[in-house]
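So you can see what is in the structure, the chains are spelled out below.
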Amino acid sequence: MGITADLVIHGGLLVTADAVIAASVAVKDGIVRAVGAAETMPPTRESLDASGMHILPGAIDVHVHFRDPGYPHKEDWQSGTAAAAFGGVTTVFDMPNTIPPTGTAEALAAKHRIASAKAHVDFGLYGLLGDDTIEHVPALVGGGIIGFKLYMGNTFGKIPTPSTGAMLEAFEVVAPTGKRISLHAETNSIMERRESRMRAAGRTDPLAHLAARPAVVAIEAVSRAAAIAEWTGARIHILHISSAEELRPLRDAKARGVDITGETCPQYLFLSTDDYDRLTGIIRVNPPVREPRNQEPLWAALADNTIDLVATDHAPHAIDEKTRNDIWTVDCGFPGVESQMPLMLTEVNAGRASICDYVRWSAVNPAKVWGLYPRKGAIAPGSDVDIAIIDLGRKWVLDDAKLQSRSRITPWNGRKVVGQPVHTLVRGRFVMRDRALIAETRGWGRSIHSIQAMPEPKPRNIDQSMSRILQSPSARSPVNETA
Ligand code: NCD
Ligand code: ZN
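Since the structure is predicted, the reported quantities are computational estimates derived from the model, not experimental observations. (Residues numbered from 1 in each chain as written. Chains lettered and ligands numbered in written order. Predicted model: local features only at pLDDT ≥ 70, side-chain atom pairs only at ≥ 80, totals over all residues. Heavy atoms only, no water.)

Enquirer: Sorry, what's going on with empty space enclosed by the protein here?
Expert: Sizing a probe to match a water molecule and rolling it over the atoms shows the empty space that remains. Inspection of every chain in the model, using the stated rule, returns 1 cavity of 30 Å³ or more. Looking at the largest cavity, its volume works out to about 120 Å³. What lines the largest cavity is a set of 16 residues, among which H65, T155, N286, D313 and A315 lie closest to the centre. In the lining of the largest cavity, the residues fall into 5 nonpolar, 8 polar and 3 charged. (1 Å grid on protein atoms, 1.4 Å probe; cavity = no way out; pocket = protein on both sides within 12 Å on 5 of 7 lines; lining within 4 Å. Points joined across faces, edges and corners; volume = space filled by probe spheres on them. Nonpolar A, V, L, I, M, F, W, Y, C, P; charged D, E, K, R; others polar.)

Enquirer: Looking at this model, I keep getting lost on the packing of aromatic side chains. Mind explaining?
Expert: Applying the stated rule across the entire model yields 8 aromatic pairs. Ring geometry for Y71 and F156: centres 5.0 Å apart, planes at 55 degrees, overall tilted. With Y71 in the loop between β8 (59-64) and α1 (77-86) and F156 in the loop between β11 (147-151) and α4 (164-174), this residue pair connects regions lying 85 residues apart in the sequence. For Y71, a relative accessible area of 14% translates into the label buried. Owing to a relative accessible area of 14%, F156 belongs among the buried residues under this scheme. With 6.2 Å between their ring centres and 90 degrees between their planes, F270 and W412 make a pair best called edge-to-face. Placement of the pair is F270 in helix α9 (residues 266-270) and W412 in the loop between β16 (387-397) and β17 (416-426), with a sequence separation of 142 residues. Each of the two residues, F270 as well as W412, counts as buried. (Phe/Tyr/Trp six-rings, centres within 6.5 Å; stacked < 30°, edge-to-face > 60°. Helix = DSSP H or I, 4+ residues; strand = E, 2+ residues; numbered from the N terminus. Buried < 20%, exposed > 50% of the residue type's maximum accessible area, 1.4 Å probe, protein only.)

Enquirer: What is the right way to look at the coordination of the zinc ion (ligand 2) in this model?
Expert: Taken together, H184 (ND1) and H240 (NE2) make up the full set of protein donors to the zinc ion (ligand 2), lying 2.1 Å away. One can describe the donor arrangement at the zinc ion (ligand 2) as irregular, given that its 4 donor atoms subtend angles of 54 to 138 degrees at the metal. One end of the pair, H184, is in strand β12 (residues 180-184); the other, H240, is in the loop between β13 (235-238) and α8 (247-255), with 56 residues separating them in the sequence. For H184, a relative accessible area of 1% translates into the label buried. The buried category is assigned to H240, whose relative accessible area is 2%. (Donors = N, O, S within 2.8 Å, 3.2 Å for Na, K, Ca; no water. Tetrahedral: all angles 85-135°; square planar, octahedral: opposite > 155°, others 65-115°.)

Enquirer: Explain a nonpolar patch on the surface to me, please; I cannot follow it from the model alone.
Expert: Taken together, the side chains of M466, I469 and L470 make up a nonpolar region of the molecular surface, amounting to roughly 270 Å² of accessible area. Examined against the element boundaries, I469 turns out to sit in helix α15 (residues 466-471). (Patch = residues over 30% accessible without salt bridge, like charges linked within 9 Å, V, L, I, M, F, W, Y side chains within 5 Å. Areas by Shrake-Rupley, 256 points an atom, 1.4 Å probe, with all protein chains shown as cover. Salt bridge = Lys/Arg side-chain N within 4 Å of Asp/Glu carboxyl O.)

Enquirer: Just checking my understanding: could you explain the site of ligand 1 for this structure?
Expert: The environment of ligand 1 is made up of 15 residues, and the closest members are R67, N97, T155, N286 and D313. Residue R67 places a side-chain N or O atom 2.7 Å away from an oxygen atom belonging to ligand 1. Measuring from a nitrogen atom of ligand 1, one finds a side-chain N or O atom of D313 at 2.6 Å. For ligand 1, the protein covers 100% of the area, taking 310 Å² as the surface of the free molecule. The cavity where ligand 1 resides is the largest cavity. Residues that form the shell around ligand 1 fall into these classes: 4 nonpolar, 9 polar and 2 charged. (Near = heavy atom within 4 Å. Polar contact = N/O pair within 3.5 Å; in protein donor to acceptor, adjacent residues only side chain to side chain. Sits in = over half its atoms within 2 Å of the grid points.)

On their own, these measurements won't tell you what the molecule is for.
Listed below in structure tokens is the structure:
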């Protein structure tokens, strides 16, 4: 074929969303050049023996909080992306609840600079969509965001919650850009009222956090967001789905043709109220971990594509911030980017899902939903060489002390898992090899917004949007038209 490859990976089992096949992969300039039988591979400078291993498209974690700039004691772009590399994650989307929040072109440019200097893996940056950032939408889109994030409820970082009126206006402005709006879908007014009543009643125990955020906050928020998305034609994504009940408005909206997608996270698939006593403040997360009866419906929703993907909501905090006695003073969230793949592979080994399902949830669908497929999320000629090479049968124990994340406190400490990422490649370069970080790849990660290709935007009810009405009200009134 006339080229000399940089690397040929041979002897492994290649996993796609549809099949597991014995195949070699040839890499040149960071791009997959050939996939096929060993004897069809070009000559190569380097080869990697992946015998006994599975070769997966690297996971795309569309929900991480890398805290940089703002909270260097919790995480930064170097430690966060090192954790990603160890987790078999080759692209991350970072949330805007940093200091400053990523709600202006300047804040976005600053975060791009920081991430570009420190990241081991590729990244997308979310722009904040809130009351006072609507006017910045064009500048954020022009500045290279992967999508928007809107907080319908209060969570770590205390980003103000836009009113429903502001949300409608924000969706109207974003719809024609084609960008997807990811939603923290918990209704603030319900939670605020409940929390203040429970605090007044003297509740400080971990389960009080769950009682302040019952599933109805998510049902209400998902339903309302879906209605506004349907009206405006804005694309939306429901983050961290935690309850069986919010699946109904999600399914209904999908059935009506709303461009809505959903994610769940390992904490909702694997943990439940049975774990609160053991974990106390460590388990505090928004939305809360719920009753055991929610787990099976979430797995079923992944299986039937109601939930499109698995992300982690990697939310690192320091040990003292997670171990306070009064639950209301404990920071919400915990790290996850490093443990998602082993946790999920353990279930693959147990037969709950196939490895093809896993690749669909962790890589293929995230890439498709944000317009990155097949450049990302696939191992096929022309794709970026973003690859996790895993030992599917490897038994090991998750250990907080060994995490790359600066936050060494998770609900997963001591958990037995089966399946381990052994090597991670980003655009053809090993960023993690034989469970060791390749330190020189700091700064190798790139923003992937420039390769994003979302389908044509489909805004709706444009004639009734705020900006259109304000343009020339008299010229648009029916009286005028007939005059
Ligand atoms: C997240 C964080 O710490 O940034 N915390 C959490 O409990 N999930 C914020 C969020 O995603 O809600
Ligand atoms: Zn959230």
